[in-house]
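# Descriptive structure summary
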Amino acid sequence: MRKTKLFLVIGACLATLVLTAGTAAARTTSSDPSPPVCPVGNGFISPQCTTGLADNLQQKILAGVCLAIRKLPLPKAPPATITALHAGVFNNFVPLGLTPAVKQTYDITLKDIGGNSVFLANSIKDRSLTGDLFMSADASVNQTLMGPANGNWVDWFTVFARNQVVLAYDPTSKFAADFQTKPWYQVLQEPGIKLGRYDPNRDPLGYYTLFVAQLAEKYYGSPGLEQQILGADNNPNQLITANFPDGKSDAAFYYLSDAKFDKTPYVTLPDQINLSNPDFAGQYAQASYTTNIGQTFRGAPIQVSIAPLRGGNTRVADEVIHLLDSPEGANLLSQFGFLPSPILAGGNINAIPIALRCQIQGTYHNP
């Protein structure tokens, strides 16, 4: 065990030296004051990082260190209890999947506080909520916690899965049969139908719903469609807070993962509007929403993320992230209906511990 730990320490130190030297060398030969740090997990090398001898050497040595580290167990922190502040999309996954997994693997007790991602982020900033991890239904929400102006609560994060917007419907609704036989946007305009949706000022699913409607107008060539099915962006007659089905709404825009796990019937929307397909990222980016406190979010493929929070137990939090970003984590996520994604790093990649950096397969780009 001592030899294993010593090897990991030496490997981490070597990788850190290589990364530092490579970055410094790049800065002396580039006009870009902040050249990218290149992730190498699973053999990935960013196209921006393939030029220059220093970068190539950096990549080769770090790749070798990562290969060695992946063959060794991650050194365990002492048993501990930490808190994850997580989006509602993880209401099933965290208590039923992730919590038992980290307990079994690392003897970590994971307490969880669920809520809407934007609301949670703003609560972290105003210190009304504290925790060790932040799990967001939209990776771009991390930007609201990064930098001195935002309290430096998040320094880096990883994207570990994707999701998709579907139109779920209550099987007991009198409109249920229509959803199976008619275009969804026609059913939502039928007299008497009640559509439920979530607050776009607090919840990514709320503004994802607006994005879907905005994109649908163009996709179906139907100007005014968003207004016809949603009304105002913050239409109080449609906003709901309970999980769907809520006993009051006939249908709701919903996450695919939740619909699958809850076995709620749903209509699959075209990839061009359902925010799931990276091939349509440029198209999704045409949609946007600005919240009532001036935070603007833009359309993009839905990418969920996890970040350690400043002031938390980062050593133990890193173990949770390590499990989540592993093949075992990907398998667990698939059981809860999430779509697969390469592990992407956002923020200050230099601050990511080497054992976690070795899992990274690409760089997250904020929409």
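Higher on the page you've got the structure.
Now for a description of the structure that goes with this document. (Residues numbered from 1 in each chain as written. Predicted model: local features only at pLDDT ≥ 70, side-chain atom pairs only at ≥ 80, totals over all residues. Heavy atoms only, no water.)

## Let's talk about the pairing of strand E2 (residues 108–115)
Two elements, strand E1 (residues 80–87) and E2, share eight bridges in a ladder whose sense is parallel. The partner of histidine 86 across the bridge, within E2, is glycine 114. A crossover links E1 with its parallel partner E2, the connecting element being helix H3 (residues 93–106), and its sense is right-handed. (Pairing = 2+ DSSP bridges. Helix = DSSP H or I, 4+ residues; strand = E, 2+ residues; numbered from the N terminus. Right-handed = clockwise from strand over helix to strand, strands pointing away.)

## Notes on the environment of threonine 290
With respect to the helices and strands, threonine 290 occurs in strand E9 (residues 288–290). Counting along the chain gives 90 residues from threonine 290 to proline 200, while the straight-line C-alpha distance between them is 8.8 Å. For threonine 290, the contacting residues outside a window of four places in its chain are Gln295 and Thr296. Side-chain polar atoms of threonine 290 contact the side chain of threonine 296, separated by 2.8 Å. (Contact = heavy atoms within 4.5 Å. Polar contact = N/O pair within 3.5 Å; in protein donor to acceptor, adjacent residues only side chain to side chain.)

## Things to note about unusual backbone geometry
Following phenylalanine 244, the chain continues to proline 245 via a peptide bond in cis, the omega torsion being -5°. Positionally, proline 245 belongs in the loop between helix H8 (225–230) and strand E7 (251–255). Positive phi is not limited to glycine here, since aspartate 107 has a value of about 60°. On the secondary structure map, aspartate 107 appears in the loop between H3 and E2.

## Things to note about the packing of aromatic side chains
Pairs of aromatic rings are described using the distance from one ring centre to the other and the angle between the two planes. Under the definition given, this model contains 20 aromatic pairs. Where tryptophan 184 meets tyrosine 185, the ring centres are 5.6 Å apart and the plane angle is 90°; that geometry is what we call edge-to-face. For tryptophan 184, a relative accessible area of 5% translates into the label buried. In textbook terms, an aromatic cluster arises when at least three aromatic residues are bridged by ring pairs, as seen for Phe90, Phe93, Phe160, Phe261, Phe336 and Phe338. The aromatic ring of phenylalanine 119 is capped on one face by arginine 202, whose charged end is 4.3 Å from the ring centroid. Its end group placed over the ring of tryptophan 153, arginine 310 keeps NZ or CZ at 4.1 Å from the ring centre. (Phe/Tyr/Trp six-rings, centres within 6.5 Å; stacked < 30°, edge-to-face > 60°. Buried < 20%, exposed > 50% of the residue type's maximum accessible area, 1.4 Å probe, protein only. Lys NZ or Arg CZ within 6 Å of the ring centre and 35° of its normal.)

Everything listed here is a matter of geometry and, on its own, says nothing about what the molecule does.
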